[in-house]
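Okay, here's what each chain looks like letter by letter:
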Amino acid sequence: MHTFGRNARPEEGESATFGNLSLVGVGGKFRIEITQRQLVISNDVRKGIKLDLGSISRTRSIDIPAVPGGVIIWGSAAFYLGATILIPPLGYAVSLLGGLSVLSHFIFKSPALVIETNIGDRHIIQSRLNDQEVLLKVHMMIEKVSNGQSVRDAKNSIEREFRFEKKENISPKAPVSYTHLRAHETKANLVCRLLLEK
C-alpha cells in the first residue's frame, strides 16, 4: 500500500499489481504496480522505473516480431542464391528455407504494450507467457486511473468486463429452430405472426 503527500486520501493507497512481465531490452522478470498517482515497473528486488500517471502521454499495443529483423536479409539472400545460382535440387531447398525464414519474420509476432511519456521515453512491456489479456488489463487500468477513476473502481470494472467476456465465450448462444419458436408461441404472438405473413 502506498500513500503520497501529506494529505493522502485512503483510496490513494490501493494498488493494482500485474506480474510475470518483461521489459524489452532488459533481462529478468518484472511486475507493474499501478497506484492512484504512479506506475511502477520493478523486478523482484524492487529496482525499476517509477512514472507519474500524469507524465504518460500515450499507451498503445503493438506486435513485436519473434524472429529478428536480420533474418529478412539472410533469408532474401538465401532465396536469391537458391533460385539463381545453385543447382536445382539444392537450390530449391535453399530457396524454400530462405522464403520460410522471411515469412516467419512477418507471421510470428508477440504482443507488447508501449508506454510513452511526455519527455519522449518509451517503455515496451511484454508478457513472459505471451498473454495478451494481462497487457490489455494493464492498458485499461492505466487509461481508467489516468482519467480519474479510483484504482478500486477500475479494478472492479475491468474484472467485470473480463468475467462477462469469458462467460460469453464459454456459453455461446445456440441457434433456435423455427419449429421450436412456433411451439412456444402465445396467442398474441400468433396474431402478430399471421398479420406479418399477409
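Residues numbered from 1 in each chain as written. Predicted model: local features only at pLDDT ≥ 70, side-chain atom pairs only at ≥ 80, totals over all residues. Heavy atoms only, no water.

Undergrad: Account for the sheet that holds strand β6 (residues 109-117), naming residues and giving values.
TA: Read from one edge of the open sheet, seven strands run β4-β3-β2-β1-β7-β6-β5, paired in antiparallel fashion. Each of the sheet's edge strands pairs with one partner strand only, and the pair in question is β4 (48-52) and β5 (56-65). The sheet shows a mean angle of 30° between the axes of neighbouring strands, taken without regard to direction. Sheet analysis places β6 next to strand β7 (residues 122-127), joined by five bridges and oriented antiparallel. Counted as the bridge partner of Leu113 is Ile125 from β7. (Pairing = 2+ DSSP bridges. Helix = DSSP H or I, 4+ residues; strand = E, 2+ residues; numbered from the N terminus. Axes fitted to C-alpha atoms, helices over the stretch in contact; angles between N-to-C directions.)

Undergrad: Tell me about the pattern of salt bridges, residues and numbers included.
TA: When their charged atoms lie close together, side chains carrying opposite charge are able to pair. Scanning the model with the defined rule gives nine salt bridges in all. One salt bridge connects Arg152 with Glu14, and the closest N-O pair in it is separated by 3.1 Å. Here Arg152, found in helix α4 (residues 151-170), pairs with Glu14, found in the segment before β1 (16-23); they are 138 residues apart in sequence, far enough to count as distant. The salt bridge partner of Asp44 is Arg31, with a shortest N-O separation of 3.7 Å. (Salt bridge = Lys/Arg side-chain N within 4 Å of Asp/Glu carboxyl O.)

Undergrad: With reference to specific residues and values, describe a nonpolar patch on the surface.
TA: A surface patch of nonpolar side chains, about 650 Å² in accessible area, is lined by Leu96, Leu100, Leu103, Phe106, Ile107 and Phe108. Position of Phe106 among the secondary structure elements: in helix α2 (residues 88-107). (Patch = residues over 30% accessible without salt bridge, like charges linked within 9 Å, V, L, I, M, F, W, Y side chains within 5 Å. Areas by Shrake-Rupley, 256 points an atom, 1.4 Å probe, with all protein chains shown as cover.)

Undergrad: Give me helix α1 (residues 70-84): which residues, what numbers.
TA: Its 15 residues place the ends of α1 21 Å apart at the C-alpha level, agreeing with the 21 Å of an ideal helix rising 1.5 Å per residue. In the core, the buried residues of α1 are packed alongside α2. (Expected span 1.5 Å × (residues − 1). Contact = heavy atoms within 4.5 Å.)

Undergrad: Tell me about the packing of α1 against α2, and please be specific about residues and values.
TA: Packing of α1 against α2 leaves a shortest axis separation of 7 Å and a crossing angle of 155°. Here α1 lies roughly antiparallel to α2, going by the angle between them. Note that α1 runs across α2; the crossing there is left-handed. For the pair α1 and α2, the contacting residues are Val71, Ile72, Gly75, Ser76, Ala78, Phe79, Gly82 and Ala83 in the first and Gly91, Tyr92, Val94, Ser95, Gly98, Gly99, Ser101, Val102, His105 and Phe106 in the second. Of the residues assigned to the contact of α1 with α2, the class counts are nine nonpolar, nine polar and no charged. (Parallel < 35°, antiparallel > 145°, perpendicular 65-115°, else oblique. Left-handed = near helix turned anticlockwise from the far one by under 90°. Nonpolar A, V, L, I, M, F, W, Y, C, P; charged D, E, K, R; others polar.)

Just distances and angles here, no functional claims.
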